[in-house]
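Overview (structure and organization)
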Amino acid sequence: DPQQLELATSGKRKLRRFIVIDEVVDKLYGSKVREYFEENNVQHKILALPTTEETKSMDLVLNILQEVQNFSIDRRTEPIIAIGGGVCLDIVGLAASLYRRRTPYIRVPTTLLSYVDASVGAKNGVNFLQCKNKLGGYTPPVASFLDRSFIQSIPRRHISNGLGEILKMALMKHKGLFDLLKTHGKYLLDTKFQSYSGSADHGDAALQTTRIAIETMLEELAPNLWEDDLDRLVDFGHLISPELEMRVLPSLMHGEAVNIDMAFMTYVAYMRGLITAEEKEQIIQCMRGLELPVWHSGCSWPLIKRALMERLKHSGGQPRMPLPTGLGVAEIFNDTSEETLERAYKLWVRD
């Protein structure tokens, strides 16, 4: 907006920014963030908060809004900035969407999972009554700033966690991405998705995998940003995992729970004859190579049945089950019998 640009650069009014940063990220990068705003002569307030699945609540949203109100921002020209993982981006997105009905916000993801997943799309939300993201809305950010250098400081398990969501897009939409993960998975874990000049053997696997993951995610989300169409390939791995993740908190991270769901659904696809035994094995071996769990004792048959019943309630009375029909191709199915599901479950547990 030329008027806003004029206002910002004319020097008539000092630039002001309200920043919410995850407290772990603040310990690592807070001094650099403060230095940046000070050097650019920006009046700022930095609020460091614990943003985890356990604290992802309306209470935290209200805490943020109290601080926003105290700082006092112009909702047209002063976007709120969220710096952190997916939980932080979700909470701040919801807070911004509520403040004066809609205040712009910017996402700065600092984990691999949020880099390829939460940074894309319009959803935000918090957990409620022990249900994942039960309260929320659809308010896209004005921008997402992607910087892979944040990822170098996160633990290896968090890298693996993000690879779960990347693998989801590979299995649903992109055989080339699946091949990249199969070939370079260990290298990506070892190098924490950083690009090095000495990595010629691997091309720039980090750049390629993140770019393809985000592009395929955007292809799916952009035409259906408000989820008017409930047939969504991006729901693969998200039929059982919300129930499982909340049930066993904090033992499973989001991408890990998603992967357990995907592993089970791979067996369902095999049991239905949609993929071969060899393709099933390739998928499971790729998951293991990415150091992702392919089974969890908490994922019982009653939990699966309960999660699928819950799914029916929120998807127009149809299961709308995305399943791989090969490597990198998928379709949505509404006709998987309980008997097929149970047989797939028994084989999965046995393996």
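Here the structure is a predicted model, which means the values were calculated and not measured.

Cut-off values and rules
Residue indices follow the written sequence of each chain, beginning from 1 at its first position. The predicted origin of the model limits local features to residues at a pLDDT of at least 70 and limits the giving and counting of side-chain atom pairs to 80 or more, whereas totals for whole chains, interfaces and linings rest on all residues. As a rule here, side-chain values come from all non-hydrogen atoms in the structure, and water together with hydrogens is ignored. Take the buried residues of types Ala, Val, Leu, Ile, Met, Phe, Trp, Tyr and Cys, join any two whose side-chain atoms come within 4.5 Å, and each joined set is a nonpolar core. Relative accessibility decides the category of a residue: with a 1.4 Å probe and only protein chains considered, values under 20% of the type maximum give buried, values over 50% give exposed, and everything between is partly exposed. Strands are runs of DSSP state E lasting at least 2 residues, helices are runs of H or I lasting at least 4, and numbering of each runs from the N terminus. Note that the domain bounds reflect an automated or database-derived domain assignment. Residues count as neighbours in contact if any of their non-hydrogen atoms are within 4.5 Å of one another. Aromatic contacts are taken between Phe, Tyr and Trp rings whose centres are within 6.5 Å, Trp giving its six-membered ring; a plane angle under 30 degrees counts as stacked, one over 60 as edge-to-face, and the others as tilted. Should the NZ of a Lys or the CZ of an Arg lie within 6 Å of a ring centre and within 35 degrees of the ring normal, that charge is described as sitting over the ring. Two strands pair if DSSP finds at least two bridges between them. Between the N-to-C directions of two axes lies an angle of 0 to 180 degrees, each axis being a line fitted to C-alpha atoms and, for a helix, fitted only over the stretch in contact. UniProt positions are given in the numbering used here, feature names are shortened, and annotations may be inferred rather than shown by experiment.

**Regarding the nonpolar core**
One finds Leu-167, Phe-264 and Met-265 to be the most contacted residues of the largest nonpolar core, which totals 71 residues. For this core, the leading source of residues is helix H10 (residues 254-271), giving 10 residues. When we break this core down by domain, the ones giving at least three residues each are domain 1 (13-152) and domain 2 (156-224 + 231-350). In this view, Leu-167 contacts Phe-178, Leu-181, Asn-259, Met-262, Cys-286, Met-287 and Leu-290; residues no more than four positions away in its chain are not counted. Of all hydrophobic cores here, the second largest spans 25 residues; its members include Leu-47, Val-61, Val-87 and Tyr-99.

**Digging into the packing of aromatic side chains**
Tallying each qualifying case throughout the model produces 7 aromatic pairs. By way of ring pairs, the aromatic residues Phe-264, Trp-301, Tyr-345 and Trp-348 are connected into one cluster. If you follow Arg-16 out to its NZ or CZ, it ends over the ring of Phe-71, 4.1 Å from the centre. In this arrangement the basic side chain of Lys-280 is found over the ring face of Tyr-270, its NZ or CZ atom lying 5.1 Å from the centre.

**A word on the sheet that holds strand S7 (residues 143-144)**
Here 5 strands make up an open sheet; going across it, the order is S2-S1-S3-S4-S7 and the pairing parallel. With one partner strand each, in any of the chains shown, strand S2 (43-49) and S7 form the two edges of the open sheet. Inspection of the sheet shows strand S3 (residues 80-84) paired to strand S4 (residues 105-109) by 5 bridges, in the parallel sense. Following the sheet pairing, Ile-80 is matched in S4 by Tyr-105. Helix H2 (residues 23-39) rests against strand S1 (16-22), S2 and S3 of the sheet, and its axis sits at about 160 degrees to S1. The sheet contacts of helix H4 (residues 86-98) involve S1, S3 and S4, and relative to S3 the element is tilted by about 165 degrees.

**So, unusual backbone geometry**
Keep in mind that most residues, glycine aside, have a negative phi and that most peptide bonds are trans. Of note, the amide linkage connecting Leu-249 to Pro-250 takes the cis form, showing an omega dihedral of -5 degrees. With a phi close to 50 degrees, Lys-192 is a non-glycine residue in the positive phi region. Topologically, Lys-192 is positioned in the loop between helix H7 (175-191) and helix H8 (205-221). Of the residues examined, Lys-192 reaches a relative accessible area of 23% and is grouped as partly exposed. Even without glycine at this site, Glu-291 takes up a positive phi of about 60 degrees. Counting through the fold element by element, Glu-291 comes out in the loop between helix H11 (277-289) and helix H12 (301-314). Look at Glu-291 and you get partly exposed, because its relative accessible area is 40%.

**Here we look at the UniProt feature "domain: 3-dehydroquinate synthase N-terminal" (unreviewed entry) in the protein chain**
Mapped onto the present numbering, the UniProt feature "domain: 3-dehydroquinate synthase N-terminal" (unreviewed entry) falls on residues 48-160. The straight-line gap between the two end C-alpha atoms of residues 48-160 is 26 Å; of that span, 35% is helix and 25% is strand.

**As for the pairing of S4**
The buried fraction of S4 amounts to 5 of the 5 residues, a majority that puts the element mostly inside the structure. The alternating pattern of S4 places Tyr-105, Arg-107 and Pro-109 and Ile-106 and Val-108 on opposite faces, both of which are buried.

**Topic: the environment of Glu-279**
With respect to the helices and strands, the residue Glu-279 is situated in helix H11. Residue classification places Glu-279 among the partly exposed residues on the basis of a relative accessible area of 21%. With 15 residues separating them along the chain, Glu-279 and Val-294 place their C-alpha atoms 15 Å apart.

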